[in-house]
Amino acid sequence: MRYTRLGPTGPVISSVGLGSLALTGVYGRSGTAGADRLIRSALDAGVTLFDTAGFYAGGRVESLIGRAVTGRRDEVVVTTRGGVRRHGPRGTEGFDGRPASLDRDCDASLRRLRTGRIDLFYLDCQDEHATVEASVARLSELVAAGKIGHLGLTGGTPQQVRRAHAVHPITALAVEYSLWGRRPAPGLLATVRELGIAVVAARPLGRGFLTGRVGPHADFEPGDWRRADPRFDPAARRSDATRLRTLEAMAARLDVGAGRLALSWLLAQDDHVVPVPSTRDPVHLEMNLSASSVELPVETREALSALFPSRAAGHSSPPLL
């Protein structure tokens, strides 16, 4: 495992983190015992960044992580989110960035995570009834109180990032970022690079598509959130099948898997881009973590960038997490 810093002044973390959406069961059943083993396996493999949210499975995933890292809390950086009331397969459906609501979100996450301080707390920027300045101002008070270590944003525009950063330093921005899907706008990436903000890449494997394990005719269990993602319509998957085969051929020439190559491409974008792939499978976890050891030639990076076009909002997955 390689290690990096979450932005110029943030904590030192593993260069690949562990996302936790798959542990909610939205991509197939995930039992408590299996999720606990997976988290502990990640710890033993050197993962120090664990990414979650208070609304994942009604808080149960936070509780899972809190139990699994007990006794090793000082070894890890745990990130979670506030400002979200509901979440469903078609995206986030309710926001609440009011200061009092953020207080409740923070305190509930602290209890479930069994900790006295959340290492990094993300604010979702999509509440139209609370300005980003007011929300960040309240979170900065929670930083001063010792309840939060660093602040992050989920999504947001370049203007929102600048406004938030003017109130309190923003350490990381979480956005969907992968070869396959809606990539961050160049203006947003330029803004966070200018301000020294790290990028945490969510859905870095395109909800499994970039691993090559989700073919054009794959069927999903009832309740699988990919049923609601337009990218996974059979016709859409068939149209991307040729690109996926090209990705697999490029990976084979480097003697790596397609998913590992896709993560390596992300890691090569910038020193402060940190993917947080989510999985339920220990074997897939091991494969994901091995991406940090792959060195990509410049020509391979450029070819990968041109392989999948970035999608407009109406043709990609819902905004985030």
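Residues numbered from 1 in each chain as written. Predicted model: local features only at pLDDT ≥ 70, side-chain atom pairs only at ≥ 80, totals over all residues. Heavy atoms only, no water.

### Examining the overall build of the chain
Then, number 1: When helices and strands are tallied, the chain shows 11 helices and 12 strands.
Then, number 2: On C-alpha atoms alone, the chain measures out to a radius of gyration of 18 Å, which is about the 20 Å that the 2.2 N^0.38 rule sets for 321 residues.
Then, number 3: Overall, the C-alpha framework of the chain stretches about 50 × 45 × 35 Å when taken along its three principal axes.
Then, number 4: Burial status across the chain gives 57% buried among its 321 residues.
Then, number 5: For the chain, the share of sequence-separated contacts (at least 6 apart) that also reach a separation of at least 24 residues comes to 75%.
Then, number 6: Accessible area of the chain: about 13300 Å², with a carbon and sulfur share of 51%.
Then, number 7: The distance from the centre of the 41 positive side-chain charges to the centre of the 34 negative ones in the chain is 3 Å. (Helix = DSSP H or I, 4+ residues; strand = E, 2+ residues; numbered from the N terminus. Rg over C-alpha atoms; globule rule 2.2 N^0.38 Å. Buried < 20%, exposed > 50% of the residue type's maximum accessible area, 1.4 Å probe, protein only. Contact = heavy atoms within 4.5 Å. Areas by Shrake-Rupley, 256 points an atom, 1.4 Å probe, with all protein chains shown as cover. Lys, Arg positive; Asp, Glu negative; His and termini not counted. Charge placed at Lys NZ, Arg CZ, Asp CG, Glu CD.)

### Regarding unusual backbone geometry
Then, number 1: Within the chain, Arg207 stands out as a residue other than glycine whose phi angle is a positive 55°.
Then, number 2: Mapped onto the fold, Arg207 is located in the loop between strand S11 (198-202) and helix H7 (234-239).
Then, number 3: Even without glycine at this site, Asp255 takes up a positive phi of about 60°.
Then, number 4: In this fold, Asp255 is placed in the loop between helix H8 (241-253) and helix H9 (258-267).
Then, number 5: Overall, the relative accessible area of 67% leaves Asp255 in the exposed class.

### Quick notes on the packing of aromatic side chains
The relative placement of two aromatic rings is captured by the distance of their centres and the angle of their planes.
Then, number 1: For the structure on display, the rule yields 5 aromatic pairs.
Then, number 2: Here the aromatic rings of Phe55 and Tyr56 are separated by 5.4 Å at their centres, their planes lie at 85°, and the arrangement is edge-to-face. Of the two residues, Phe55 and Tyr56, both sit in the buried class.
Then, number 3: Taken together, the ring pairs connect Trp180, Phe209, Phe220 and Phe232 into an aromatic cluster. (Phe/Tyr/Trp six-rings, centres within 6.5 Å; stacked < 30°, edge-to-face > 60°.)

### So, the pairing of strand S5 (residues 77-82)
Then, number 1: Most of S5 is tucked away, with 6 of its 6 residues classed as buried.
Then, number 2: Alternating positions in S5 separate into two faces, Val77, Thr79 and Arg81 on one and Val78, Thr80 and Gly82 on the other, with burial throughout.
Then, number 3: Two strands pair when backbone bridges link them, and strand S4 (residues 49-51) and S5 are joined in this way by 3 bridges, in the parallel orientation. In the sheet register, Asp51 faces S5, and the bridge partner there is Thr79.
Then, number 4: Here S5 pairs with strand S8 (residues 118-124) via 4 bridges, running parallel. Note on S8: the bridge partner recorded for Gly82 is Leu123. (Pairing = 2+ DSSP bridges.)

### Description of the layout of surface pockets
Then, number 1: Quantified by volume, the largest pocket comes out at close to 570 Å³.
Then, number 2: Lining the largest pocket are 32 residues, with Tyr27, Arg207, Gly208, Arg226 and Ser278 positioned closest to its centre.
Then, number 3: Split by residue class, the lining of the largest pocket holds 13 nonpolar, 10 polar and 9 charged. (1 Å grid on protein atoms, 1.4 Å probe; cavity = no way out; pocket = protein on both sides within 12 Å on 5 of 7 lines; lining within 4 Å. Points joined across faces, edges and corners; volume = space filled by probe spheres on them. Nonpolar A, V, L, I, M, F, W, Y, C, P; charged D, E, K, R; others polar.)

### Regarding helix H2 (residues 60-68)
Then, number 1: With 7 of its 9 residues buried, H2 lies for the most part within the structure.
Then, number 2: Among the residues of H2, Val61, Glu62, Ser63, Leu64, Ile65, Gly66 and Ala68 are the ones counted as buried.
Then, number 3: At its buried positions, H2 is contacted by helix H1 (32-44), S5 and helix H3 (99-113).

### Some remarks on the sheet that holds strand S10 (residues 170-176)
Then, number 1: As summarised here, the arrangement of the 8 strands in space is S3-S4-S5-S8-S9-S10-S11-S12, forming an open sheet in which the pairing is parallel. In this open sheet, the two strands that pair with only one neighbour each are strand S3 (18-19) and strand S12 (273-275).
Then, number 2: Taken together, the 4 bridges between strand S9 (residues 148-154) and S10 define a ladder with parallel strand orientation. Within the sheet, the bridge partner assigned to Thr154 lies in S10 and is Ala174.
Then, number 3: Across the sheet, helix H4 (residues 132-144) touches S8 and S9, and the angle it forms with S9 is around 160°. (Axes fitted to C-alpha atoms, helices over the stretch in contact; angles between N-to-C directions.)

### Focus on the confidence of the model for the chain
Then, number 1: With 93% of its residues at a pLDDT of 70 or more, the chain shows a mean pLDDT of 89.
Then, number 2: Across residues 313-319, where pLDDT falls below 50, the model places 28 contacts with residues more than four positions away in sequence or in other chains. (pLDDT = per-residue confidence, 0-100.)

### A word on the packing of helix H5 (residues 158-167) against helix H6 (residues 186-195)
Then, number 1: Following both chains from N to C, one finds H5 and H6 inclined at 20°, their axes separated by 9 Å at the closest point. When the axes of H5 and H6 are compared, the pair comes out roughly parallel. Read as a crossing pair, H5 and H6 show a hand that is right-handed. Across from Pro158, Val161, Arg162 and His165 in H5, the residues of H6 making contact are Gly187, Leu188, Thr191, Val192, Glu194 and Leu195. (Parallel < 35°, antiparallel > 145°, perpendicular 65-115°, else oblique. Left-handed = near helix turned anticlockwise from the far one by under 90°.)

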